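A structural walkthrough
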Amino acid sequence: MSPLAFFHRLAHDTLLLSMSQVRSFKASTWEDTITRIRLCWEQARAVVVVPVFKFLVALCLIMSVMLFVEMMYMGLVVAYIKLFKRKPEKVYKWVAMEEDDVECGGEIFPMVLVQIPMYNEKEVCEQSIAAACKISWPSNRIIIQVLDDSTDPASKELVKKECERWSKEGVNITFEIRDNRKGYKAGALREGMKHSYVKQCDYVAIFDADFQPEPDFLFRTVPFLIHNPKLALVQGRWEFVNAGQCMMTRLQEMSLSYHFMVEQQVGSSTFAFFGFNGTAGVWRISALNESGGWNDQTTVEDMDLAVRATLRGWKLLYLDDLKVKSELPCSFNALRSQQHRWTCGPANLFRKMAGQIIRSENVSLWKKLYMLYSFFFMRKLVAHVLSFCFYCVILPATVLFPEVTVPKWAAFYLPSLITLLIALGRLRSIHLLAFWVLFENAMSLVRTKALVMGLFETGRVQEWVVTEKLGDGLKAKLIAQAPEEHHVSFRDRVHLMELLVGVYLLFCGCYDIIYGKQTLFLYLLFQSMGFFVVGFGYVGKYVAASSS
């Protein structure tokens, strides 16, 4: 071998040896890095993650017990009311007014104002105005006031013509508009109360555009206000004309039936306080004015007014057997907007009114405790946080942390009892109980986000989206849209956050199947399906926006 070839071979072998050493060093360094990361994670897991996770589980268990006790308390109150037949007519003075006197137009009838706030409600405006105009009351003792904030010219023209038609038939009806939407519904109602003819009225009944009161509505409510001077409000119960439209409306009916039959009735029967539902109720105008009138500081102007009236010493009455027809949102986007407002608003109101409730001198200590703890803290805050944080985040994560265990009573027995208590509000839908649980948990994400916005006054805290209503044309409109379902844009259907939670639950469920020693995967897989169905928008009915 020549010297040149020898040195060339030597250099080549040296280079190969160096590269082999570098690779060996890199592999060794990579393994060391992985080992160090694993050790750091194990130390952090043992010292920080697991203790914090155990604390969160304990906190959720405490909230679960608190919520269960609260619901048992309400259940016992309702049972007492039913068992001993504690009807409002027995608790409050009530003397029937003779309907025969309507034709005579007797002066014994107080002057009543009926307000119907509207915003682009051409699908329901005719039926709601007609129902209000058919209320049995002396024609010279009632004023129908239609407050139209519509931005759609066609809607505004239709409402105006409907008011003119009933005016020609002898109904005392007025059509009021304004040049802005300041304060939304609260602003419209506030402006409506400023008209000179309102000064002669003693009471004001309020109906949203999709509500259809029965003719005897005032005969069943006004006598309570006449004979009980400390009563400020008489509230009726909502009845849903489209509850059987789809699965989503059936599930909504279950939740709202419990709200009215239990929550509203308990508040009315025990402390004469509950949240006004914004419609299907009659207010004493003097109480409304004394309480400061309509305020648009939150998106729940109705609940705000009820709180302020109570702090002034007024009482509120709910009538469970007084049903007023209304409509449930049948599209998922409409329901999301509604639930955002119904959750964000109370949380924001709690932030703004808690101090005033504590400092109030017109309210007893027990009533303050009920308002702050039962009404706001438990029902408007804890219930939403617990549904999402515990059942959709923390409980699924326990499969990843074998050191943390959740007792069976908290993971299964307690939520099962709570669910059964809620199902009592609508027994005919009890076979849908499993679907209701999955759907409510999926909706808890929307509510939890809204709750955070309301408490910290961030994001869409003042967002007001009018819930779409379809009225008598509901079935025809849905049938007409059915063939075009595939044209719905992907962006309009998909909700990313719900899909991400669904992926998380699916991962936890699969992990539990492979590595777990419990059967939690059954719940996790079904709940992940619930989030996927909601996330892809395959719930409710899709209804295209009105071509206005």
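None of these values were measured; they are calculated from a predicted model.

So, the overall build of the chain
Per the secondary structure count, the chain includes 17 helices and 7 strands. The buried share among the 548 residues of the chain stands at 52%. Here the analysis covers contacts within the chain between residues at least 6 apart in sequence; of these, 83% occur between residues at least 24 apart. Carbon together with sulfur atoms contributes 62% to the accessible area of the chain, which is approximately 26,500 Å² in total.

Structural notes on the pattern of salt bridges
Pairs can form between side chains of opposite charge once their charged atoms are near each other. Going through the model one piece at a time under the given rule, you end up with 16 salt bridges. As a salt-bridge pair, R428 and E253 come within 2.9 Å of each other at their nearest N and O atoms. Taken together, the residues span a long stretch of sequence, with R428 in the loop between α12 (408–423) and α13 (433–456) and E253 in helix α7 (residues 247–271) at a distance of 175 residues. Using a relative accessible area of 4% as the deciding quantity, one classes E253 as buried. In this structure, R351 and E457 form a salt bridge, with 3.6 Å as the shortest nitrogen-oxygen distance. In this pair, R351 sits in helix α10 (residues 332–359) while E457 sits in the loop between α13 and α14 (474–481), placing the two residues 106 residues apart along the sequence.

Quick look at the packing of aromatic side chains
Counting across every chain of the model gives 22 aromatic pairs. A centroid spacing of 6.3 Å and a plane angle of 25 degrees characterise the contact between F260 and Y318, whose relative ring orientation is stacked. Highlighted residues: F260 in helix α7 and Y318 in strand β7 (residues 315–326), separated in sequence by 58 residues. Comparing F260 with Y318 shows no difference in burial state: the two are buried. Here F507 and Y511 contribute two aromatic rings whose centre-to-centre distance is 6.1 Å and whose plane-to-plane angle is 45 degrees, an arrangement assigned as tilted. With F507 and Y511 both in helix α16 (residues 496–515), this residue pair falls 4 residues apart, about one helical turn. A connected cluster of aromatic rings, assembled from ring pairs, spans F211, W238, F260, F274, Y318 and W342. Cation over ring: R181 sits above Y119, and NZ or CZ is 3.6 Å from the ring centre. The residue whose ring lies beneath K380 is F375, and the NZ or CZ to ring-centre distance is 5.0 Å.

Points about the confidence of the model for the chain
Taken over all residues, the pLDDT of the chain has a mean of 87, while the share at 70 or more is 88%. Counting contacts from residues 473–486, a segment whose pLDDT is below 50, to residues more than four positions away or on other chains yields 17 contacts.

A closer look at the packing of α13 against α16
Following both chains from N to C, one finds α13 and α16 inclined at 120 degrees, their axes separated by 10 Å at the closest point. The angle between the axes of α13 and α16 places the two elements in the oblique class. Crossing of α13 against α16: the hand is right-handed. On the side of α13, the interface is formed by L445, V446 and K449, while α16 contributes M497, E498 and V501. A per-class count over the contact of α13 with α16 returns 4 nonpolar, no polar and 2 charged.

Comments concerning a nonpolar patch on the surface
On the surface, V47, V48, V52, F55, L56 and L59 cluster together into a nonpolar patch covering about 530 Å² of accessible area. Inspection of the secondary structure assignment puts L56 in helix α1 (residues 3–83). By relative accessible area, which is 33% here, L56 ends up partly exposed.

What to know about a positive patch on the surface
A contiguous patch of positive charge on the surface is contributed by K82, K85, R86, K87 and K90. Tracing the chain through its elements places K82 in helix α1. For K82, a relative accessible area of 47% puts it in the partly exposed group.

A look at the sheet that holds strand β4 (residues 203–206)
Strand order in this open sheet of 7 strands is β3-β2-β1-β4-β6-β5-β7, and the pairing throughout is mixed. Each edge of the sheet is formed by a strand with only one pairing partner; in this case those strands are β3 (173–177) and β7. Sheet twist, expressed as the average angle between the axes of neighbouring strands with direction ignored, equals 20 degrees. Bridge count for strand β5 (residues 231–240) against strand β6 (residues 281–284) is 3 bridges, and the pairing is antiparallel. Note that in β6 the partner of Q235 across the bridge is G281. On top of the sheet, helix α6 (residues 217–227) reaches β1 (112–118), β2 (142–148), β4, β5, β6 and β7; it is set at about 175 degrees to β7, its chief contact.

Digging into helix α11 (residues 365–397)
With 33 residues, α11 should cover 48 Å at 1.5 Å per step; its first-to-last C-alpha distance of 41 Å lies more than 12% under that length. Along α11, the sharpest change in direction is near 45 degrees and occurs at F377. Within α11, 24 of the 33 residues are buried, which leaves the element mostly enclosed by the surrounding structure.

A word on the pairing of β4
Of the two faces of β4, both are covered, the one formed by Y203 and A205 as well as the one formed by V204 and I206. Bridge count for β1 against β4 is 4 bridges, and the pairing is parallel. Its bridge partner being in β4, V114 is matched across the sheet by A205. Of the strand pairs in this sheet, β4 and β6 are connected by 4 bridges, and their pairing is antiparallel. Its bridge partner being in β6, Y203 is matched across the sheet by R284.

Re the UniProt feature "transmembrane region" (unreviewed entry) in the chain
Look at the UniProt record and you will see "transmembrane region" (unreviewed entry) annotated at residues 55–81, 381–401, 413–439, 496–514 and 520–539. Secondary structure within residues 55–81 divides into 100% helix and 0% strand; the distance between the first and last C-alpha atoms comes to 39 Å. Helix makes up 81% of residues 381–401 and strand 0%, whereas the separation of the span's terminal C-alpha atoms amounts to 27 Å.

Definitions and cut-offs
Residues numbered from 1 in each chain as written. Predicted model: local features only at pLDDT ≥ 70, side-chain atom pairs only at ≥ 80, totals over all residues. Heavy atoms only, no water. Helix = DSSP H or I, 4+ residues; strand = E, 2+ residues; numbered from the N terminus. Buried < 20%, exposed > 50% of the residue type's maximum accessible area, 1.4 Å probe, protein only. Contact = heavy atoms within 4.5 Å. Areas by Shrake-Rupley, 256 points an atom, 1.4 Å probe, with all protein chains shown as cover. Salt bridge = Lys/Arg side-chain N within 4 Å of Asp/Glu carboxyl O. Phe/Tyr/Trp six-rings, centres within 6.5 Å; stacked < 30°, edge-to-face > 60°. Lys NZ or Arg CZ within 6 Å of the ring centre and 35° of its normal. pLDDT = per-residue confidence, 0-100. Axes fitted to C-alpha atoms, helices over the stretch in contact; angles between N-to-C directions. Parallel < 35°, antiparallel > 145°, perpendicular 65-115°, else oblique. Left-handed = near helix turned anticlockwise from the far one by under 90°. Nonpolar A, V, L, I, M, F, W, Y, C, P; charged D, E, K, R; others polar. Patch = residues over 30% accessible without salt bridge, like charges linked within 9 Å, V, L, I, M, F, W, Y side chains within 5 Å. Lys, Arg positive; Asp, Glu negative; His and termini not counted. Charge placed at Lys NZ, Arg CZ, Asp CG, Glu CD. Pairing = 2+ DSSP bridges. Expected span 1.5 Å × (residues − 1). Bend = angle between axes of the 7 residues up to and from the residue. UniProt positions renumbered as here; feature names shortened; annotations may be inferred.

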